[in-house]
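# Architecture and fold: a report
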Amino acid sequence: AYLVISGESTLSRDAQKRLKVLMDFSELGAGFKIALHDLQIRGAGNLLGTTQSGHIAAVGYELYMEMLEQAIQTQKGEPALEDWEPEIRVRAAALIPEAYVPEPGQRLSIYKRLASTREEARLDDLQAELRDRFGPVPEPMRNLFLIMSLKLKMKSLGIQKMEIPDREISLVLAPQGHWRADRLVALVQKDPRTYRLKGDDRLTVARPEKEEGLEAARQIIGRLEMLLG
């Protein structure tokens, strides 16, 4: 079960397999492949043993876990949790510049942390951390943080989509959102020049004067938080 090297150290068969995997995968994205092979080697309980690894490789580990959780809920007769993600359409560069974070693995890690953040305070903490590590945050990345902040607020307000054209901002209300129709109607009746309802699920808001793009969106969402929250 063990391999003797130079008469001094020993390696188990699992350790030998891990070394072979490390030797085989050295290109970009190897970390994910190595993690999958490690899962194959050691297993992960009855539900995630080695026989499941092919399915994980096909869809990705995190998505696989979500699908697995939904399947378990269905088998237990529990209603599956319906989740949704707000969408923002705006003409603005929102990304992590390579010049700011040169290492691809670090950029990927930051993107994943951003995508998994569910609290405003944690966004602030992450931005402060990056400022300490890499220096002043460039505008494209500030835009990215602002978009993530807006999405958190939109989710709380029940807004599924935001489109930011030239003169007004269009908001699509999520069917599964917690927005209140009575407050929405009262808002439109009180200020029809600023707010208009189109159909059952679309609200248009006049853009604040002298403000464009994401800054206009930030002001409008902040105002709706006070009026509808």
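Right, let's walk through the structure included here. (Residues numbered from 1 in each chain as written. Predicted model: local features only at pLDDT ≥ 70, side-chain atom pairs only at ≥ 80, totals over all residues. Heavy atoms only, no water.)

## Structural notes on the packing of helix H5 (residues 104-116) against helix H6 (residues 120-134)
For the pair H5 and H6, interaxial distance at closest approach is 11 Å and the crossing angle is 160 degrees. Taken together, the axes of H5 and H6 lie roughly antiparallel to each other. The crossing of H5 and H6 is left-handed. The segment H5 lies against H6, with Gln 106, Ile 110, Arg 113 and Leu 114 engaging Leu 123, Leu 126, Glu 129, Leu 130, Arg 133 and Phe 134. A per-class count over the contact of H5 with H6 returns six nonpolar, one polar and three charged. (Axes fitted to C-alpha atoms, helices over the stretch in contact; angles between N-to-C directions. Helix = DSSP H or I, 4+ residues; strand = E, 2+ residues; numbered from the N terminus. Parallel < 35°, antiparallel > 145°, perpendicular 65-115°, else oblique. Left-handed = near helix turned anticlockwise from the far one by under 90°. Contact = heavy atoms within 4.5 Å. Nonpolar A, V, L, I, M, F, W, Y, C, P; charged D, E, K, R; others polar.)

## Thoughts on the pattern of salt bridges
When the charged atoms of two side chains with opposite charge come close together, those side chains can pair. A complete count under the given rule lists 11 salt bridges for this structure. A single salt-bridge network, built from bridges that share partners, covers Glu 87, Arg 89, Glu 163 and Arg 202. (Salt bridge = Lys/Arg side-chain N within 4 Å of Asp/Glu carboxyl O.)

## Some points on the packing of aromatic side chains
Any two aromatic rings considered together are summarised by their centre-to-centre distance and by the angle between their planes. Under the criterion given, the structure shown has one aromatic pair. Aromatic pair Tyr 100 and Phe 134: ring centres 5.6 Å apart, planes at 55 degrees, arrangement tilted. With Tyr 100 in the loop between strand E3 (87-89) and H5 and Phe 134 in helix H6, this pair connects stretches of sequence that are 34 residues apart. (Phe/Tyr/Trp six-rings, centres within 6.5 Å; stacked < 30°, edge-to-face > 60°.)

## A few points about the sheet that holds E3
The strand order across the open sheet built from five strands is E3-E4-E5-E7-E6, with neighbouring strands paired in mixed fashion. At either end of the open sheet lies a strand with only one pairing partner, and these are E3 and strand E6 (195-198). Each strand axis lies, on average, 20 degrees off the axis of its neighbour in the sheet, ignoring direction. Sheet topology note: the E3/strand E4 (residues 159-163) ladder contains three bridges and is parallel. Bridge pairing in E4 places Ile 88 opposite Met 162. Taken strand by strand, helix H7 (residues 139-157) contacts E3 and E4, and its axis lies near 135 degrees from that of E4. (Pairing = 2+ DSSP bridges.)

## Overview of H5
With 13 residues, H5 ought to run about 18 Å at 1.5 Å a step, and its terminal C-alpha atoms sit 18 Å apart, in line with that. Arg 107, Ile 110 and Leu 114 are the residues of H5 that are buried. Along the axis of H5, the buried residues cluster in a sector spanning 60 degrees; they form a single face. Turned more than 90 degrees away from the buried face of H5 sit Leu 108 and Ser 116, all of them exposed. Looking at the buried side of H5, the elements it contacts are H6 and H7. (Expected span 1.5 Å × (residues − 1). Buried < 20%, exposed > 50% of the residue type's maximum accessible area, 1.4 Å probe, protein only. Arc of directions from axis to C-beta.)

## Examining helix H9 (residues 213-228)
With 16 residues, H9 should cover 22 Å at 1.5 Å per step; its first-to-last C-alpha distance of 22 Å lies within 8% of that length. For H9, every residue scored as buried is listed here: Gly 213, Leu 214, Ala 216, Ala 217, Ile 220, Ile 221, Leu 224 and Leu 228. Take H9 and look down its axis: the buried residues cluster within an arc of 150 degrees, on one side only. Packing partners of the buried residues in H9 comprise H7, E4, strand E5 (168-173), helix H8 (181-190), E6 and strand E7 (202-206).

## Concerning the nonpolar core
Nonpolar side chains in soluble globular proteins tend to end up buried together. Judged by nonpolar contacts, the single largest core of 25 residues is most densely connected at Ile 159, Met 162, Ile 169, Leu 171 and Leu 224. Elements supplying a minimum of two residues to this core: H7, E4, E5, H8, E7 and H9. In this view, Ile 159 contacts Trp 84, Pro 86, Met 154, Leu 171, Val 172, Leu 173, Ala 174, Ile 221 and Leu 224; residues no more than four positions away in its chain are not counted. Listed in part, the 13 residues of the second largest apolar core include Ile 96, Leu 123, Val 137 and Met 141. (Core = buried A, V, L, I, M, F, W, Y, C linked by side-chain atoms within 4.5 Å.)

## Examining the environment of Arg 196
By the secondary structure assignment, Arg 196 is in strand E6. Remark: the alpha-carbon pair of Arg 196 and Ala 206, spanning 10 residues in sequence, is separated by 8.8 Å. Ignoring any residue separated from it by four or fewer positions in sequence, one finds Arg 196 in contact with Glu 168, Val 188, Arg 202, Leu 203 and Thr 204. In this structure the side chain of Arg 196 is engaged in a polar contact, spanning 2.8 Å, whose partner is the side chain of Glu 168. (Polar contact = N/O pair within 3.5 Å; in protein donor to acceptor, adjacent residues only side chain to side chain.)

Everything listed is a geometric property; what it means functionally is a separate question.
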